[in-house]
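Letter by letter, the chains look like this.
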Amino acid sequence: MSKILEIIEVSPRDGLQSEENIFSTEQKVALINRAIGIGIRRIEAVSFVHPKRVPQMADAEQVMALLPRIDGVSYIGLALNALGAERAVAAECDEINYVVLASETFSQNNQGASIAQTLETWDLVARIVAASGIKTTVTIGASFGCPFEGEIKPSTIESIVSRLMSGSRPPQEISLADTIGVAVPDNVESIFSAVHEQLPNLPLRAHFHNTRNTGYANALAASRAGVSALDSSLGGIGGCPFAPAATGNIATEDLIYLLDRSNIPTGIKLGEAIEASRWLNEQLHNDNPGLLARAGPFPSLQVELGEQHERR
Ligand code: ZN
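Residues numbered from 1 in each chain as written. Predicted model: local features only at pLDDT ≥ 70, side-chain atom pairs only at ≥ 80, totals over all residues. Heavy atoms only, no water.

Undergrad: I'd like a description of the coordination of the zinc ion, backed by residues and values.
TA: Around the zinc ion, the protein contributes the donor atoms D14 (OD), H207 (NE2) and H209 (NE2), at 2.0 to 2.1 Å from the metal centre. On the primary sequence, the residues serving as donors to the zinc ion are separated as D-x192-H-x1-H. Highlighted residues: D14 in helix α1 (residues 11-17) and H209 in the loop between β7 (204-208) and α9 (215-224), separated in sequence by 195 residues. Considered together, D14 and H209 belong to a single accessibility category, that of buried residues. (Donors = N, O, S within 2.8 Å, 3.2 Å for Na, K, Ca; no water. Helix = DSSP H or I, 4+ residues; strand = E, 2+ residues; numbered from the N terminus. Buried < 20%, exposed > 50% of the residue type's maximum accessible area, 1.4 Å probe, protein only.)

In structure tokens, the structure reads:
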């Protein structure tokens with residue numbers, strides 16, 4: 001059997017954080033349970049940021065306390081500083097995700113700190129979570145382009161990766177994120193291949209937004225360039241409240257359709273992913289950007305196209 005490509009469901013965090021419609025704690029827990037139900041094993045569940053900055057994430061501790069603990073299911077909390085890391089440990093997250101931005105201006109605007117300062121904070125965060133056995137990922141945001149500085153040089157990514165991996169507690173996974181959705185498969189392939197060559201044993205993860213309709217092509221390119229995990233969000237919800245004109249993450253169900261038909265196994269049940277996406281659509285009272293929940297799968301209609309679909 002070929003190796004499974006991990007799908008990380010990020011709708012509870014990246015997906016919801018830019019939604020104006022504030023989900024209740026119960027709705028968030030229901031969404032995470034639906035993700036588990038379709039076969040997802042890693043879920044970015046919460047973010048430990050200041051509630052004034054991201055009101056949607058104010059109940060992170062309550063959400064974590066209500067989640068079922070299932071063997072093999074891992075909950076990720078986003079932590080951007082020491083306080084966030086302490087909260088993630090206290091809430092018993094299985095993993096944390098820490099963000100460094102690849103552009104100096106974006107870093108100053110978004111994190112209020114230089115790249116060098118955020119790398120120093122990472123050392124502190126890694127030290128805080130070390131004793132608890134929490135798995136760590138560092139995401140390099142804006143790896144493929146910055147709204148303020150434009151193109152990002154591959155050498156910038158390589159030097160951030162080197163700095164992270166030469167520290168006393170290197171992350172167990174590095175994620176490259178196309179925060180503003182500007183990447184195309186060519187640069188995805190070249191940057192991931194370069195990092196993979198630099199660190200052949202380090203698990204790599206990719207995070208794409210479909211802002212310019214290249215998200216799915218990028219995901220496929222990343223899977224072929226050696227990444228072991230891809231982020232996506234049911235219905236393709238999401239954005240970044242701090243990135244101009246950023247739209248949704250790539251949709252989990254659309255991604256699974258693409259990977260299934262490309263013979264890349266993920267362990268996710270497509271029919272149930274479509275159902276979960278439709279449920280999320282109803283909860284948000286939105287027309288989510290994902291397309292498969294409207295079009296249905298092919299060739300076998302694994303899901304009955306319900307009345308809701310007929311009415312569109
Ligand atoms: Zn994102």
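Undergrad: Could you give an account of the packing of helix α4 (residues 82-90) against helix α6 (residues 115-130), with specific residues and numbers?
TA: Across the interface, α4 lies against α6 with an axial gap of 9 Å and an inter-helix angle of 20°. Considering the angle they form, α4 stands roughly parallel to α6. Two packed elements cross with a definite hand, and for α4 against α6 that hand is right-handed. The residues of α6 that touch α4, namely those facing A82, A85, E86 and V89, are L124, V125, I128 and V129. Residues that form the contact of α4 with α6 fall into these classes: 7 nonpolar, no polar and 1 charged. (Axes fitted to C-alpha atoms, helices over the stretch in contact; angles between N-to-C directions. Parallel < 35°, antiparallel > 145°, perpendicular 65-115°, else oblique. Left-handed = near helix turned anticlockwise from the far one by under 90°. Contact = heavy atoms within 4.5 Å. Nonpolar A, V, L, I, M, F, W, Y, C, P; charged D, E, K, R; others polar.)

Undergrad: Summarise the nonpolar core; cite the residues concerned and give the values.
TA: The biggest cluster of nonpolar side chains holds 91 residues, and the ones touching the most others in it are F192, F208 and L230. In terms of residues, this core owes the most to one element, helix α11 (residues 270-284), which gives 7 residues. Beyond its immediate chain neighbours, meaning those up to four positions away, F208 contacts F144, D178, V188, F192, G215, N218, A219, A222, L230, N249 and I250. (Core = buried A, V, L, I, M, F, W, Y, C linked by side-chain atoms within 4.5 Å.)

Undergrad: I'd like to hear about the environment of A183, residue by residue, with values.
TA: With respect to the helices, strands and loops of the structure, A183 is situated in the loop between β6 (173-178) and α8 (185-198). Overall, the relative accessible area of 1% leaves A183 in the buried class. Linking A183 and E151, residues 32 residues apart in sequence, is a C-alpha distance of 9.9 Å. The residues touching A183, leaving out its near neighbours within four places in the chain, are F144, D178, V188, T214 and N218.

Undergrad: Which residues make up the pairing of strand β2 (residues 42-47), and what values do they have?
TA: Put simply, side chains in a regular strand alternate between the two faces of the sheet. When you tally the buried positions in β2, you get 6 out of 6 residues, the bulk of the element. The pairing of strand β1 (residues 6-9) with β2 spans 2 bridges and is classified as parallel. Counterpart to I8 in the pairing with β2 is R42. In terms of strand pairing, β2 meets strand β3 (residues 74-78) through 5 bridges, oriented parallel. If you follow S47 over to β3, its bridge partner there is L78. Read from β2 through helix α3 (residues 60-66) to β3, the crossover connection turns out right-handed. (Pairing = 2+ DSSP bridges. Right-handed = clockwise from strand over helix to strand, strands pointing away.)

Undergrad: An account of helix α5 (residues 104-111) is needed here, citing residue identities and associated values.
TA: Those residues of α5 that sit buried are F106, S107 and N110. Down the axis, α5 shows its buried residues gathered within 100° of arc, on one side only. Packing partners of the buried residues in α5 comprise β4 (95-101) and α6. Phi turns positive one or two residues past the end of α5, at G112, with a value near 65°. (Arc of directions from axis to C-beta.)

Undergrad: Which residues make up the environment of E95, and what are the values?
TA: Inspection of the secondary structure puts E95 in strand β4. The spacing of E95 and E120 is 25 residues in sequence and 20 Å in space, taken between C-alpha atoms. Among all residues touching E95, those that are not within four sequence positions of it are R42, S74, Y75, I76, G77, I134, K135 and T137. Only 2.6 Å separates the side chain of E95 from the side chain of S74, close enough to count as a polar contact. (Polar contact = N/O pair within 3.5 Å; in protein donor to acceptor, adjacent residues only side chain to side chain.)

Undergrad: Pulling in residues and values, what's your account of unusual backbone geometry?
TA: Of the consecutive residues F298 and P299, the connecting peptide bond is found in the cis state with omega at 5°. Positionally, P299 belongs in the loop between α12 (292-295) and α13 (307-310). The backbone of E92 shows a phi angle near 60°, a positive value even though the residue is not glycine. Summarising the element assignment, E92 is placed in the loop between α4 and β4. By relative accessible area, which is 55% here, E92 ends up exposed. The phi dihedral of A142 is positive, around 55°, even though this residue is not glycine.

Undergrad: Break down the packing of aromatic side chains for me, citing the residues and quoting the values.
TA: Scanning the entire structure with this criterion turns up 4 aromatic pairs. With centroids separated by 6.2 Å and ring planes inclined at 40°, the aromatic side chains of F144 and F192 adopt a geometry described as tilted. Pair noted here: F144 is in the loop between β5 (135-141) and α7 (154-166) and F192 is in helix α8, with a separation of 48 residues, a long-range link. Of the two residues, F144 and F192, both sit in the buried class. In textbook terms, an aromatic cluster arises when at least three aromatic residues are bridged by ring pairs, as seen for F144, F192 and F208. (Phe/Tyr/Trp six-rings, centres within 6.5 Å; stacked < 30°, edge-to-face > 60°.)

Undergrad: Give a description of the environment of G248 that names residues and reports values.
TA: Looking at the element boundaries, G248 is found in the loop between β8 (229-232) and α10 (252-261). Separated by 42 residues in sequence, G248 and G290 place their C-alpha atoms 9.0 Å apart.

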